[in-house]
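The lines below spell out each chain.
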Amino acid sequence: MTQNYRNTDPHTSREGGLWFEATKGMGHREIVRSFVERYPHRTARELQQLMTTTTGLASPSFTKRLPECEREGSIVKGRVRKCTITHRSAHEWKPANLP
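1. With respect to the overall build of the protein
On a plain count of helices and strands, the protein comes out with 4 helices and 2 strands. Ordered by position from N to C terminus, the α and β elements of the protein give α-α-α-α-β-β. Across the 99 residues in the protein, those meeting the buried criterion constitute 32%. By element, 50% of the accessible surface of the protein is carried by carbon and sulfur atoms, the whole surface being about 6,400 Å².

Below, the structure written as structure tokens:
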């Protein structure tokens, strides 16, 4: 991988560069859809944490893309349950074609 940030750049620029390299050619919605397909029946925060732990990258806009994908019809809200991260009630997300 070619480094697309300077060593003197702040950590936010480094993270942005790594995010760009890891997701080349994919828009944020595509990334969200792929995570929901790979990990159905997870809450938004659970999905966001999985993305961080599996890719090493964090995107604050991840949870913002879920409603956009829902409006497109590619994912839907599932049942409400207690989130394992926040310990609050939250909707699960799943692909639209999954029962």
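2. Here's the deal with the pairing of strand β1 (residues 75–82)
In this sheet, strand β2 (residues 89–95) lies alongside β1 in antiparallel orientation, the contact comprising 6 bridges. Considered in β2, the bridge of isoleucine 75 is made with proline 95. Counting the residues in the hairpin turn of β1 and β2 gives 6 residues, including histidine 87, whose phi is positive at 60 degrees.

3. Notes on the packing of helix α2 (residues 28–38) against helix α3 (residues 44–55)
Look at α2 against α3: their axes get within 11 Å of each other, and the N-to-C directions meet at 95 degrees. One element, α2, and the other, α3, form an angle in the roughly perpendicular class. Touching Ile31, Phe35 and Val36 of α2 are Leu47, Leu50, Met51, Thr54 and Thr55, all from α3. Per-class residue counts for the contact of α2 with α3 are 6 nonpolar, 2 polar and no charged.

4. Things to note about unusual backbone geometry
Despite not being glycine, histidine 41 has its phi angle at roughly 65 degrees, a positive value. Among the structural elements, histidine 41 can be located in the loop between α2 and α3. Looking at histidine 41, the relative accessible area reads 35%, which means it is partly exposed. Phi is positive for histidine 87, close to 60 degrees, though the residue is something other than glycine. Take histidine 87: it is sitting in the loop between β1 and β2. Its relative accessible area of 54% is what places histidine 87 among the exposed residues.

Basis of the calculations
- Residues numbered from 1 in each chain as written.
- Predicted model: local features only at pLDDT ≥ 70, side-chain atom pairs only at ≥ 80, totals over all residues.
- Heavy atoms only, no water.
- Helix = DSSP H or I, 4+ residues; strand = E, 2+ residues; numbered from the N terminus.
- Buried < 20%, exposed > 50% of the residue type's maximum accessible area, 1.4 Å probe, protein only.
- Areas by Shrake-Rupley, 256 points an atom, 1.4 Å probe, with all protein chains shown as cover.
- Pairing = 2+ DSSP bridges.
- Axes fitted to C-alpha atoms, helices over the stretch in contact; angles between N-to-C directions.
- Parallel < 35°, antiparallel > 145°, perpendicular 65-115°, else oblique.
- Contact = heavy atoms within 4.5 Å.
- Nonpolar A, V, L, I, M, F, W, Y, C, P; charged D, E, K, R; others polar.

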